[in-house]
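# Structural characterization, general
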Amino acid sequence: MDPRRNPFSPGAGSRPPELAGREEVLETVAVALDRIRNGRHAQSMILLGLRGVGKTVLLNAMRRAAEGEGILSVPIEAPEGQSLPAMLVPALRTAMLKLDRGQAAMTLAKRGLGALARFVKAFKLSYGELEASLDLGEIGVADNGDLEADLIDLIDLAGAAAGERKTALVLFIDELQYVAERELAALITALHRARQNDRPITLVAAGLPQLAGQMGKAKSYAERLFLFTSIGPLGDDAAASAIVHPIEAEECAIEPDAVAKILAVTEGYPYFLQEWGKQCWDAADACPITAADVDLAHPTAIAALDDSFFRVRFDRLTPSEKRYLRGMADLGEGPFASTAIADHIGRKPSSFGPVRASLIAKGMIYTPGYGETAFTVPMFGAFMRRAMPVADGAAAQGE
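Residues numbered from 1 in each chain as written. Predicted model: local features only at pLDDT ≥ 70, side-chain atom pairs only at ≥ 80, totals over all residues. Heavy atoms only, no water.

### Overview of the overall build of the protein
Secondary structure summary: the protein contains 16 helices and eight strands in total. Put simply, the protein has 399 residues, and 51% of those count as buried. Sequence separation of 24 or more characterises 75% of the internal contacts of the protein that already satisfy a separation of 6 or more. Of the accessible surface of the protein, which amounts to about 17500 Å², a share of 50% is contributed by carbon and sulfur atoms. (Helix = DSSP H or I, 4+ residues; strand = E, 2+ residues; numbered from the N terminus. Buried < 20%, exposed > 50% of the residue type's maximum accessible area, 1.4 Å probe, protein only. Contact = heavy atoms within 4.5 Å. Areas by Shrake-Rupley, 256 points an atom, 1.4 Å probe, with all protein chains shown as cover.)

Below is the structure:
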């Protein structure tokens, strides 16, 4: 069929044509943000889930909805290796400039810009545009060189500026699990203090499942400050809607047994649903899309996932990390006892400490329970078996 009319768009953070099965979490965030704007209490929200469940898509949808209601958003993605101050400075500067529009010379937003400039200087960050604002800051505000104390000042001023404009300021942070523990602790403390001061500022963030433990370790009261929401694969009805409705919107149809095949192979993961939907549309000669079209599209969909969704993560791994994950893959999709993985590879569990720590830091594995290990990427075990066949020495033991 005509690829120009293909409604499916697999891609990192790409909004699907039908955002099915997420209505409840979207409404929960919308209510919380409206309460905060109106001076009422609501917990910040953290979305937790594996790769491919649509956390980034949800975060973007929440941000767009908030902006549509006049709430100011600060979108941030936390890449590996970048400090929290370096991420916050440009985002908060943009927010302060928006809050400062049309206001008098000494608004809270201008004070915030000055404090932000001093923060840049204190932490030796590179952000030249703020240097001209140094004279606007108050000495002793966000310029002590202590991240926790200075971030408290910045967040509080940003929240106060939002309150002056009768709105709320929301930090939308993706991949929050990559923020270092010390910096995460400072952010949690700053948000806690802002809440105590009744500032209309909050956080909506997304991360891998280990993020809840990281935040609890950073600050013991994190579980009371944040609402942790697990985002998993879609149920059958929502997954079917994500396939059927976009096709029907193009005045086409898909047979029920074809839908059943797609649901079985994708296990309801939104990214995989998009990939199979795209490939099935392209494989079909005419409407309706049939089960035979799904079978025809299967190798192409697997190849597309291998070349993009899986490969981009595989290529970041060291040889020892690949061997460890290949050992996990021999056992299935998990979760697995860490001792079982070591036994399979033929090594002592203690010898894998650095490898496991590195894989957790890279967001490849997590610990769903004590002594357990699991992939953060759905179906990654099957990919590892394709990428490193045993016949090629993938399961070679030792270094």
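### Comments concerning the packing of aromatic side chains
The tally for this structure, following the rule as stated, stands at 13 aromatic pairs. Ring geometry for Phe314 against Phe383: centres 5.6 Å apart, planes inclined by 80°, an arrangement best described as edge-to-face. You can see Phe314 sitting in helix H12 (residues 291–314) and its partner Phe383 sitting in helix H16 (residues 380–387), a full 69 residues away along the chain. With relative accessibility at 6%, the residue Phe314 sits in the buried group. Assessed through its relative accessible area of 1%, Phe383 is described here as buried. Put simply, the rings of Tyr269, Tyr271, Phe272, Phe309, Phe310, Phe314, Phe336, Phe375, Phe380 and Phe383 touch in pairs and so form one group of aromatic residues. Between Arg313 and the ring centre of Phe309, over which it is positioned, the NZ or CZ distance is 4.8 Å. (Phe/Tyr/Trp six-rings, centres within 6.5 Å; stacked < 30°, edge-to-face > 60°. Lys NZ or Arg CZ within 6 Å of the ring centre and 35° of its normal.)

### What to know about the side chain of Glu175
Tracing the backbone through its elements, the reader meets Glu175 in the loop between strand E3 (169–174) and helix H6 (181–196). Polar contacts involving the side chain of Glu175 include one to the side chain of Arg51, which spans 2.7 Å. Within the local environment of Glu175, its side chain forms a polar contact with the side chain of Gln177, the two groups lying 2.6 Å apart. Sequence-distant contacts of Glu175, that is, excluding residues within four places in its chain, are made with Arg51, Glu77, Ala78 and Ala206. (Polar contact = N/O pair within 3.5 Å; in protein donor to acceptor, adjacent residues only side chain to side chain.)

### Some words on the packing of H6 against helix H7 (residues 211–218)
Look at H6 against H7: their axes get within 9 Å of each other, and the N-to-C directions meet at 75°. Of the possible angle classes, the one that applies to H6 and H7 is roughly perpendicular. Of H7, the residues touching H6 (which contributes Glu181, Leu184, Ala185 and Ile188) are Leu211, Gln214, Met215, Lys217 and Ala218. Taken together, the residues that form the contact of H6 with H7 break down as six nonpolar, one polar and two charged. (Axes fitted to C-alpha atoms, helices over the stretch in contact; angles between N-to-C directions. Parallel < 35°, antiparallel > 145°, perpendicular 65-115°, else oblique. Nonpolar A, V, L, I, M, F, W, Y, C, P; charged D, E, K, R; others polar.)

### Side note on H16
Along H16, the residues classified as buried are Phe380, Gly381, Phe383 and Met384. Within H16, the buried residues cover an arc of 160° as seen down the axis, which keeps them to one side. Buried positions along H16 lie against H12, helix H13 (319–331) and strand E8 (372–375). (Arc of directions from axis to C-beta.)

### Quick word on the sheet that holds E8
Strand order across the open sheet formed by three strands is E6-E8-E7, with antiparallel pairing between neighbours. What marks the edges here is a single partner per strand, and that holds for strand E6 (336–337) and strand E7 (365–366). (Pairing = 2+ DSSP bridges.)

### A word on the nonpolar core
Counting 78 residues, the largest nonpolar core has Leu47, Ile254, Phe272, Phe310, Tyr324, Leu325 and Phe380 as the members making the most contacts within it. Ranked by the residues each element gives to this core, the list is headed by H12, at eight residues. If we skip the residues at most four places from it in the chain, Leu47 touches Val25, Lys55, Leu58, Leu59, Met62, Ala205, Ala206, Gly207, Thr229 and Ile231. With 49 residues, the next largest nonpolar core counts Met87, Ile155, Val179 and Leu211 among its residues. (Core = buried A, V, L, I, M, F, W, Y, C linked by side-chain atoms within 4.5 Å.)

### Notes on the sheet that holds E3
Across the sheet, which stays open at both edges, the five strands sit in the order E2-E3-E4-E1-E5 with parallel pairing between neighbours. Bordering the open sheet on either side are strand E2 (72–77) and strand E5 (226–230), each of which pairs with just one other strand. Pairwise comparison of adjacent strand axes, ignoring direction, gives a mean angle of 15° for this sheet. Running over the sheet, H7 touches strand E1 (44–48), strand E4 (201–207) and E5 and is turned about 135° from E1.

### A look at the state of the cysteines
Within this structure, the stated rule accounts for one disulfide. Between the sulfur atoms of Cys252 and its disulfide partner Cys287 the distance amounts to 1.8 Å. Measuring handedness by torsion sign, the sulfur bridge of Cys252 and Cys287 sits at about -125° and is left-handed. One end of the pair, Cys252, is in the loop between helix H9 (236–249) and helix H10 (256–266); the other, Cys287, is in the loop between helix H11 (270–283) and H12, with 35 residues separating them in the sequence. On the accessibility criterion, Cys287 (42% relative accessible area) is partly exposed. (Disulfide = S-S within 2.5 Å.)

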